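Structure at a glance
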Amino acid sequence: MPLTFHWFLPTYGDSRYLVGGGHGTPTHTAGGARPATLGYLGQIARSAEQLGFEGALTPTGAWCEDAWLSTAMLAEVTERLKFLVAFRPGLLSPTLGAQMAATFQRHSGQRLLLNVVTGGESHEQRAYGDFLDKDARYARCDEFLEVVRGLWRGERVDFHGEHVRVEGAELTRVPDPVPQVYFGGSSPAAGDVAAKHSDVYLTWGEPPAKVAEKIEWIRGLAAAQGRSPRFGIRLHVISRDTAEQAWAEAQRLLDALDPSVIEQVQAGLGRSESEGQKRMLELHRGSTSELEIYPNLWAGVGLVRGGAGTALVGSHAEVAERIEEYHALGIDEFVLSGHPHLEEAYWFGEGVLPILERKGLWRHPARAEAEPAPASIPFAGAPTPAS
């Protein structure tokens, strides 16, 4: 299966660092914070679309802008790019969620993908009025998606579950096509829901052997349900013309981190209920040494950021090789990001994607039959006038 690449929309803001601004950044150094305005997010979205990314993931949480509203507005400034909208099923009714997805799908021109997030942290869920524990949230998510799937099939749904109850629910217009459901999670409860409902199971970036274990785990659970989901991976990326340049950039990001911030963030993440987050923390254990945990796989991002904490770092050719290695395990979709997101989209799109295209592993989603003419510099090849 050909590879699919998605980019990321930083709806919390962006900068040239892993956190908003570097530690002790000299005044003469570029590095200002970039607010998550529609103008800037639109720049990223249009660039991702031009470069050949299939879609763009938007996060969910109190620390960022709302994903539904932001992407609905950005659909107006893009033409082909799909939006992988992260949402939490416990915060709205399944009937409303199914209706919102159907409306988005119609008005965007079939450009909606859904990233279902059950919510890994109880304290954050309580801020939204959700007081279920982690396992109960997964049970509710299962019931939620059961109702949504029925509505999308055009059924009239009566459902009386432990957490979800609807009577006579139906949609006047079903989405066409039905949005693909992306789902991640490393706990047993997450695996059961993923096997039953996900079209694409997403894992955070771990060394290939660990990723292979998760793929086989979900593949086995899904087979018992008579299903065969696809697999994707969430990674950051630092790709440059040479390996030295890429690792120098990783070192710049690392040097800009305040040790006290690392300590504070690690203390918070250490209390996480998320199994996936615990697996991320095991990769570096809060230490800034030995962060290359596998060739070209760098765990430095996870020192100060929750969620996906690893990055592919190296020359364009090396990054392409690691992508091929994950692909050989069964990974077909890559959800990538970089700091800052605008510039890193170009480094990857102009450096790595052409290599994968030459190998027959990827093709631009909007590739026309006739290749566009290469850029040229006027008069560069003009003959020198005779004296």
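Check the entry above for the structure.
Residues numbered from 1 in each chain as written. Predicted model: local features only at pLDDT ≥ 70, side-chain atom pairs only at ≥ 80, totals over all residues. Heavy atoms only, no water.

1. Considerations on the pairing of strand β3 (residues 82-87)
Remember that side chains alternate between the two faces of the sheet whenever the strand is regular. Counting buried residues along β3, five of its six residues qualify, which places the element largely inside the surrounding structure. Pairing of strand β2 (residues 55-58) with β3, which is carried by four bridges, proceeds in the parallel orientation. If you follow Leu57 over to β3, its bridge partner there is Leu84. For the crossover that starts at β2, traverses helix α2 (residues 67-74) and ends in the parallel β3, the hand is right-handed. The pairing of β3 with strand β4 (residues 112-116) spans five bridges and is parallel. Residue pairing for β4: Phe83 is matched across the bridge by Leu112. (Buried < 20%, exposed > 50% of the residue type's maximum accessible area, 1.4 Å probe, protein only. Helix = DSSP H or I, 4+ residues; strand = E, 2+ residues; numbered from the N terminus. Pairing = 2+ DSSP bridges. Right-handed = clockwise from strand over helix to strand, strands pointing away.)

2. Some points on helix α11 (residues 316-329)
Note that an α-helix has 3.6 residues per turn; residues three or four places apart therefore point the same way. Helix length check: α11, at 14 residues, gives a terminal C-alpha distance of 20 Å against a target of 20 Å (1.5 Å per residue), a fit within 8%. Among all positions of α11, only His316, Val319, Ala320, Arg322, Ile323, Tyr326 and His327 are buried. Buried residues of α11, viewed axially, fall in a sector of 160 degrees; they line one side. One or two residues past the end of α11 sits Gly330, with phi positive at roughly 125 degrees. (Expected span 1.5 Å × (residues − 1). Arc of directions from axis to C-beta.)

3. Looking at the layout of surface pockets
By volume, the largest pocket is sized at about 1,400 Å³. Forming the boundary of the largest pocket are 50 residues, of which Trp63, Trp204, Gln277, Gly306 and Gly307 lie nearest the centre. (1 Å grid on protein atoms, 1.4 Å probe; cavity = no way out; pocket = protein on both sides within 12 Å on 5 of 7 lines; lining within 4 Å. Points joined across faces, edges and corners; volume = space filled by probe spheres on them.)

4. Let's talk about the environment of Leu18
Position of Leu18 relative to the elements: it lies in the loop between β1 (4-8) and α1 (38-51). For Leu18, a relative accessible area of 2% gives the class buried. In this structure the C-alpha to C-alpha distance between Leu18 and Val301, which are 283 residues apart in sequence, comes to 6.8 Å. Sequence-distant contacts of Leu18, defined by excluding residues within four places in its chain, comprise Leu253, Leu257, Trp298, Gly300, Val301, Val304, Arg305 and His339. (Contact = heavy atoms within 4.5 Å.)

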